[in-house]
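So the chains spell out like this:
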Amino acid sequence: MPRPIAQKTGTQSKPPASSPDLDFVARLSNAVAVSGDESAVRKLILDVIRPHVDEMKVDALGNVLAVKRSRSRNAQRMLVAAHMDEIGFMVTGHDSDGSLKFDVVGGVDERILPGKPVLVRAESGLLRGVIGVAPIHLLNSEQRNSVVKVKALRIDLGVENAEAAKKLVKAGDRGTFATEFRTLGEGAEQSLCGKALDNRLGCATLVELLQNGPYPCELHAAFTVQEEVGLRGARVIGYAVNPAAAFVLDCTPARDLPPSLEERENIHYNTRLGLGPAIYVADPSTLHDRRLIRYLEATAQKAGLPYQIRQPGGGSTDAGAIHLARAGIPSVSVSVPARYLHTPAALARLADWRNTVALIQAALAGWSAKVLA
Amino acid sequence: MDLFAHLKELCAAPGVSGYEGRVREVIAKAWKPLTAEVRADRLGSLWAIRPGHGPAPRPRLMLAAHMDTIGLMVTMIEGEFLRVVSIGGIDARVMPGQPVTVHGRRDLSGLVVQPDDFLLPKAHREGVVPVSELLVDCGLPAAQLAELVQVGDVISFAQTPIELQNGLLAANRLDNRASVAAVTVCLNELQTRPHFWDVTAVATVQEETRLLGAITSAFELQPQLAIAIDVTWGSGPGTRDYADKVFDLGEGPTLGFGPNVHPQLHAALKAVADRLEISYKLEPMAAHSGTDAFGMQIARAGVPTAVIGLPLRNMHTPVEVIAVKDVQRAGRLLAEFIAGLDSKFMDSLQLD
């Protein structure tokens, strides 16, 4: 099936299909749920999906599994998965001056850590801190241009010594950037800006799919844990659900920034903001199912929704684990394109997210066993 | 007065060097009820005047706390992105991911961002990415951005203040709004303390670039004495190798001494602190003090100057940290010193 050629930079997406619940997105984005410590987001999700599902449970790893039954007879089971966890850090020790040593969790470029406010999720609640650095006035030019390594960085809570710090935070506590969700711009071209849009936008999409429906297929929603540390939660989902096929919802980088003068053009943009949901074809862990890719393209075209094909290349999703389960599960990933993932603040276009919701909604509504025939 | 609230209000107001209008309004509002007259001078420094009770003509003391801050300026609009240049000493290490406000036709929220390595010149793919290669993204489509922003617009930090443990406050622009707040504390104390001398508190402009406000205001005001209040380096993460240059937060302000400081004026301030048991530290300043005192000292025929420092962690980052009680102590020390100034004080400033 031919793809439309309307994919130039600057092409604008259609206005949002429906009025979205940005308050819920804001709560998801602001919640602190680093890989292995997802309970804050899990709680938000369980509370909001409860009235809309026929079954729900939390599995042994912390994945949320929810079922929305179909009214059709012999409906196929469809798995739709979105990871709940985010990148961040784990406290590893206490320095004598009261500051905290830490390790990063997930793919974090250490160049973005210094000078940022953070939140630590301690037993006593969320604590505020900052990642400080020596003032540039005291450094020579070589030091000013050297990246401060994670092992030299500290989280400063404002306490005076290790003893006082130990009363507040213990080794093993996790945290992440303290960034309040906000919107930028207005109307159809509004942008969403916050931490952990990777993958709270995917979670928000999946919640909305559960709130809508029922569908001609039985919808098995999986909100997974530990994606950022090796697709760990997703490893067991495919086995547990045993679906006919899987859609994996995630966020993927839009590296659509201008190149330096040395570069001819930006040929590794991955995706671009404003061009709609990004459909995966190939990444290091998955060759996404050709039938599902074609089905999504056809669905988008029929519904008049914009979409883009993500450039084949680095960056895996939960599909990498799910498609290997049991005797193999046909899988495809669809991501909201967003800039600056894995930094204190990512940026996505509202329209790209809304069009992602609309695309998956339409794909479920139109599902039949023939897609895989 | 609620010093936390005052500090937060001061730190929320932008005031990049040369563009101090917004913070000037905030300071004027705070200082007006505490002084007889508040006005801006020709270059934008804010003067707040408290006449003394001595017979005219009275000697004058100038307090200088700069109100400007480091920031960025737009050099180019490239599609949906802005290229920028530093105003003042920006620390490129902390810039990627910082929230900012672009002061265009209207204020726009934005983010400082670091392009992926493959988009950078090869020389900058490792190490700290310089400000010249960073971009600002306002989340707006290109056409809208071009309509709202032009080359030369200034950009200020937009980090929200954070209360840490132990009465510490983390915020952007604490350099030097912490000192402005110390002056507010001083002016507030003077409400109930009679003083012989005239006192003019000056919130100076363009310190971060060339001490411009201090030089020009001292020329016009012709003070007999001048005291600069500014932040100094606080101990904290990353400073272990500079133990002789940094000061612990919460242990009181520093009293600078060195060529920018008149030794007798320094001794007089120290004596007041000792008498009232206000904690302080001595800060050696071997050459340039890096404060407004450097400019005020050589105004006209020369002015005896002193420097009071407030220990500040993470200076020139958007998460500068101060101990609020140090701000309080500096303000009180200034007020007590001023209350003790009499007609003979200048005679005591003999160098040899």
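Residues numbered from 1 in each chain as written. Chains lettered and ligands numbered in written order. Predicted model: local features only at pLDDT ≥ 70, side-chain atom pairs only at ≥ 80, totals over all residues.

## Examining the confidence of the model for chain A
The predicted coordinates ought not to be read in detail in places where the model reports low pLDDT. The predicted model of chain A averages 94 in pLDDT, with 95% of residues at 70 or higher. Under a pLDDT of 50 for its full length, residues 1–18 of chain A has, in the predicted model, 34 contacts with residues more than four places off or in other chains. (pLDDT = per-residue confidence, 0-100. Contact = placed C-beta atoms within 7 Å.)

## Some thoughts on the packing of helix H2 (residues 39–49) of chain A against helix H5 (residues 197–211) of chain A
Residue and element names in this part refer to chain A. Axis separation between H2 and H5 bottoms out at 10 Å; the angle between their running directions is 20°. The angle between the axes of H2 and H5 places the two elements in the roughly parallel class. Note that H2 runs across H5; the crossing there is right-handed. On H5, the residues that touch Val 41, Ile 45, Val 48 and Ile 49 of H2 are Cys 203, Val 207 and Leu 210. Considered class by class, the residues forming the contact of H2 with H5 number seven nonpolar, no polar and no charged. (Axes fitted to C-alpha atoms, helices over the stretch in contact; angles between N-to-C directions. Helix = DSSP H or I, 4+ residues; strand = E, 2+ residues; numbered from the N terminus. Parallel < 35°, antiparallel > 145°, perpendicular 65-115°, else oblique. Left-handed = near helix turned anticlockwise from the far one by under 90°. Nonpolar A, V, L, I, M, F, W, Y, C, P; charged D, E, K, R; others polar.)

## Digging into the packing of helix H7 (residues 290–303) of chain A against helix H9 (residues 350–365) of chain A
Residues and elements named next belong to chain A. With their axes 9 Å apart at the nearest point, H7 and H9 run at an angle of 110° to one another. Taken together, H7 and H9 sit at an angle that is classed as roughly perpendicular. Contacts from Tyr 295, Leu 296, Thr 299, Ala 300 and Ala 303 in H7 reach Ala 358, Leu 359, Ala 362 and Ala 363 in H9. Of the residues assigned to the contact of H7 with H9, the class counts are eight nonpolar, one polar and no charged.

## Some thoughts on the nonpolar core
Counting 234 residues, the largest nonpolar core has Val 80, Ala 81 and Ile 322 of chain A together with Leu 63, Val 136, Ala 182 and Ile 322 of chain B as its most contacted members. Among the elements that take part in this core, helix H4 (residues 174–190) of chain B stands out by supplying 10 residues, more than any other. Contact partners of Ala 182 of chain B, with chain neighbours within four places excluded, come to Ile 229, Leu 310, Val 327, Ala 330, Gly 331 and Leu 334 of chain B. (Core = buried A, V, L, I, M, F, W, Y, C linked by C-beta atoms within 7 Å. Buried ≥ 20, exposed ≤ 12 C-beta atoms within 10 Å, placed from the backbone.)

## Some remarks on unusual backbone geometry
Residue Gly 213 of chain A is joined to Pro 214 of chain A through a cis peptide bond whose omega torsion reads 0°. Residue position: Pro 214 of chain A is located in the loop between H5 and strand E12 (218–224). A cis amide bond, omega -5°, links Ala 56 of chain B with the succeeding residue Pro 57 of chain B. Note that Pro 57 of chain B resides in the loop between strand E2 (46–50) and strand E3 (60–66). The phi dihedral of Ala 196 of chain A is positive, around 55°, even though this residue is not glycine.

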